[in-house]
Every structure is written in C-alpha cells, then in structure tokens.
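# Geometric and topological summary
If you want the building blocks of each chain, they are given just below.
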Amino acid sequence: ENLQALDAIADYLTKNPKVYIFIEGHCDERGAAAFNMALGARRGNSVRNLLIKQGVDLNRIFTISYGKERPTAFGHFPGAWRQNRRAVFKIFEAM
C-alpha cells in the first residue's frame, strides 16, 4: 500500500517539474529525543531515496526530521505509536 502511494507521488513529480516536496520523518514517543531525531531523518531519507530510484530529481526532494516532537496520535499504547511512526509529505510548486 505504501509503495503504491510512493509510485503515485513519483509519477506526479516526474510529470510536474515545477513541484518539489519536503518529507517529514516522525517517530513515536519511545526512546531518547536525539535517537528519535536521527530515526526520523533515516525515515525521511529512506523515502527520498525510493523516489530518486524512481526517477525523481534529487534536487526537488528535501527532508526534515521532527523525531517524536509532533505526534499525530496521543497515548501510550501500540496503536498510537504505530500512527506516529510516519513520513509526511508537504508539496510545493515553484513560481
């Protein structure tokens, strides 16, 4: 399911050369802040690398890690942790 979404994003980006994206790497609440910042960076960069392998220009893909600082689900249980381990896309168009 996630790979299909990445295929669609890669297709959109290759057809729209003025569009660029930021990929935010997020983590769950467990672990030290520094560890989660690094983990979020790895998560975002992994997604970035998959898009580059599909032909998207690497100069149009930027990553940032928020670690555990911006949860989407609140709670101390596996369901919340699963929702918070994610990559979020912000899409922009150059003028």
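Described in the following lines is the structure provided in the data block. For every chain, the first residue of the written sequence is number 1, and numbering continues from 1 along that sequence. It should be noted that, the model being predicted, local features are given only for residues of pLDDT at least 70 and side-chain atom pairs only at 80 or more, the latter also being counted only at that level, while totals for whole chains, interfaces and linings use all residues. Here the side-chain values reflect all heavy atoms present in the structure, with hydrogen atoms and water set aside.

## Things to note about the nonpolar core
- Counting 10 residues, the largest nonpolar core consists of Leu6, Ala10, Leu13, Val19, Ile21, Ile23, Val47, Leu51, Val56 and Ile61.
- Every helix listed is a DSSP run of H or I at least four residues long, and every strand listed is a run of E at least two residues long, numbered separately from the N terminus. Where this core is concerned, the elements lending two or more residues are helix H1 (2–15), strand S1 (19–26) and helix H2 (33–53).
- The contact rule is simple, with two residues in contact once any of their heavy atoms fall within 4.5 Å. Here Ile61 is in contact with Ile21, Ile23, Arg48, Leu51, Ile52 and Val56, once residues within four sequence places are set aside. Note on terminology: a nonpolar core comprises buried Ala, Val, Leu, Ile, Met, Phe, Trp, Tyr and Cys residues joined through side-chain atoms within 4.5 Å. Each residue's exposure class comes from its accessible area (1.4 Å probe, protein chains only) as a fraction of the maximum for that residue type: buried when under 20%, exposed when over 50%, partly exposed otherwise.

## So, the environment of Gln54
- Summarising the element assignment, Gln54 is placed in the loop between H2 and strand S2 (61–67).
- Each residue touching Gln54, except ones within four places of it in the same chain, is listed here: Leu6, Asp7 and Ala10.

## Concerning the packing of aromatic side chains
- Ring pairs shown here join Phe, Tyr and Trp side chains whose ring centres sit within 6.5 Å, with only the six-membered ring taken for Trp; geometry is labelled stacked below 30 degrees between planes, edge-to-face above 60, and tilted in between. Here the structure, examined in full by the defined rule, presents 5 aromatic pairs.
- The interplanar angle of 85° and the centroid separation of 6.1 Å between the aromatic rings of Tyr20 and Phe62 together place this pair among those described as edge-to-face. In this pair, Tyr20 is assigned in strand S1 and Phe62 in strand S2, connecting sequence segments 42 residues apart.
- According to the relative accessible area criterion, Tyr20 is partly exposed, its value standing at 27%.
- Among the residues examined, Phe62 registers a relative accessible area of 36% and is labelled partly exposed.
- Through successive ring pairs, a cluster of aromatic residues spans Tyr20, Phe22, Phe62 and Phe92.
- Taking NZ or CZ as reference, Arg70 lies 3.8 Å from the ring centre of Tyr66, over its face. In this scheme, Lys NZ or Arg CZ marks a charge over a ring once it lies within 6 Å of the ring centre and within 35 degrees of the ring normal.

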